[in-house]
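Architecture at a glance
Next come the chains, spelled out residue by residue.
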Amino acid sequence: RQCGDARKSPHHRGQKPMILRRLTDAFRKQEWFTVAVETMIVVLGVFLGLQVNNWNAANQSREREVVILEQLATEFAVTVEAAKSSKTDSEFLLDATRAVLRAIRDAKEPEDSDTFLRTLGAAGGLDTGPSEPVTLIELMSTGGLTQLSSPGLRTALIRYHETAEAQSKLADLVLARVSTPDDGFHDAIYVNPDYGDGSEFLLGGYEWEKLASARQQFQVIFYGKVGLDRGIEELIERGEAVLTEIEKARE
């Protein structure tokens, strides 16, 4: 009896769906109006289902974009401020290199050797600017820029990334030149072994006679620092452009 009841149950898995059964009956009886109505119901149901899915997907995409915009806004605000600080440091280091080149050109040792020693230390340093924001690196490496609906923001981010990459390559070249041990500069100066251990001065002394042979190295360093300084300025401009586009995208 139980088996027989199960076979008669309307929920039996082998039974046709209700709407399909009605369509079949309507076709068999040639009730075309019923066929049309039932077909419209099926089409409308499918359409509404697709629309709901599309709406859900669009809503999820927008939520992801909002999160990305928040991350970009936070990181670029910090990055732009860091770049402005780097610009100040870069100009100071560039001026130090310029001062050393002028002293070598004039072939006259500065009277204040302590001050000139600090100038030499600054001349051998460089500031390359802040690192590229982490979120931008991830977006560029994963193709995630497509998640951003604003063409203007995508363009601004790509331009910033291009400048950051060029800056990184130039920084590597300049650093390699600064670090060259046999090009005059390191032969003319002495590093203070107590630096960081009770002393704030990196250099402990220099030999004026040997500085003239370092002219070529200082010139190359000067070229590189000029390029890095301009690159930092461009990072500031393009970073601010990104922040402007983020605000537009939030509207």
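For the structure itself, look to the data block above.
Here we summarise the structure given alongside this text.

Rules used in this analysis
- Residue positions are counted from 1 within each chain, in the order its sequence is given.
- With pLDDT at 70 or above as the cut-off, local features in this predicted model cover only qualifying residues; side-chain atom pairs require 80 or more to be listed or tallied, and sums for whole chains, interfaces and linings still use all residues.
- To get the side-chain values, take all heavy atoms of the structure and skip hydrogens and water.
- For the purposes of this entry, the term helix denotes a DSSP run of H or I that reaches at least four residues, the term strand denotes a run of E that reaches at least two, and both are numbered from the N terminus.
- For every residue, the accessible area obtained with a 1.4 Å probe (protein chains only) is divided by the maximum for its type, and the residue is called buried under 20%, exposed over 50%, and partly exposed between those limits.
- Residues count as neighbours in contact if any of their non-hydrogen atoms are within 4.5 Å of one another.
- Aromatic contacts are taken between Phe, Tyr and Trp rings whose centres are within 6.5 Å, Trp giving its six-membered ring; a plane angle under 30 degrees counts as stacked, one over 60 as edge-to-face, and the others as tilted.
- Lines fitted to the C-alpha atoms define the axes, with helices restricted to the stretch that makes contact. Angles between their N-to-C directions range from 0 to 180 degrees.
- Note that the term roughly parallel is reserved for angles under 35 degrees, roughly antiparallel for angles over 145, roughly perpendicular for angles of 65 to 115, and oblique for everything else.
- Take the far helix as your reference; a near helix turned counterclockwise from it by less than a right angle gives a left-handed crossing, and one turned clockwise gives a right-handed crossing.

1. Remarks on the environment of Gly224
Note that Gly224 resides in helix 9 (residues 215-250). Given a relative accessible area of 7%, Gly224 falls into the buried group. Sequence spacing of Gly224 and Val174 is 50 residues, and the spatial spacing of their C-alpha atoms is 5.5 Å. Residues in contact with Gly224, not counting those within four places in the same chain, are Leu170 and Val174.

2. Considering the packing of aromatic side chains
According to the stated counting rule, one finds 4 aromatic pairs in the structure shown. When the centroid spacing of 6.1 Å and the interplanar angle of 65 degrees are considered together, the rings of Phe116 and Trp208 count as edge-to-face. Placement of Phe116 in helix 4 (residues 113-123) and of Trp208 in helix 8 (residues 208-211) is noted, with a sequence separation of 92 residues between them. For Trp208, a relative accessible area of 18% corresponds to the buried category. Ring geometry for Phe185 against Phe218: centres 5.1 Å apart, planes inclined by 80 degrees, an arrangement best described as edge-to-face. Taken as a pair, Phe185 in helix 7 (residues 185-188) and Phe218 in helix 9 lie far apart in primary sequence, 33 residues in all. Its relative accessible area of 4% is what places Phe185 among the buried residues. Among the aromatic side chains, those forming a connected cluster through ring pairs are Phe116, Tyr206 and Trp208.

3. Digging into unusual backbone geometry
Of note, Ala107 is a non-glycine position whose phi angle comes to about 55 degrees, a positive value. Mapped onto the elements of the fold, Ala107 is located in the loop between helix 3 (32-106) and helix 4.

4. A closer look at the packing of helix 6 (residues 151-178) against helix 9
In contact at an axis separation of 9 Å, helix 6 and helix 9 are set at 160 degrees when each is read in the N-to-C sense. What the angle tells us is that helix 6 and helix 9 run roughly antiparallel. Seen from above, helix 6 lies across helix 9 with left-handed handedness.

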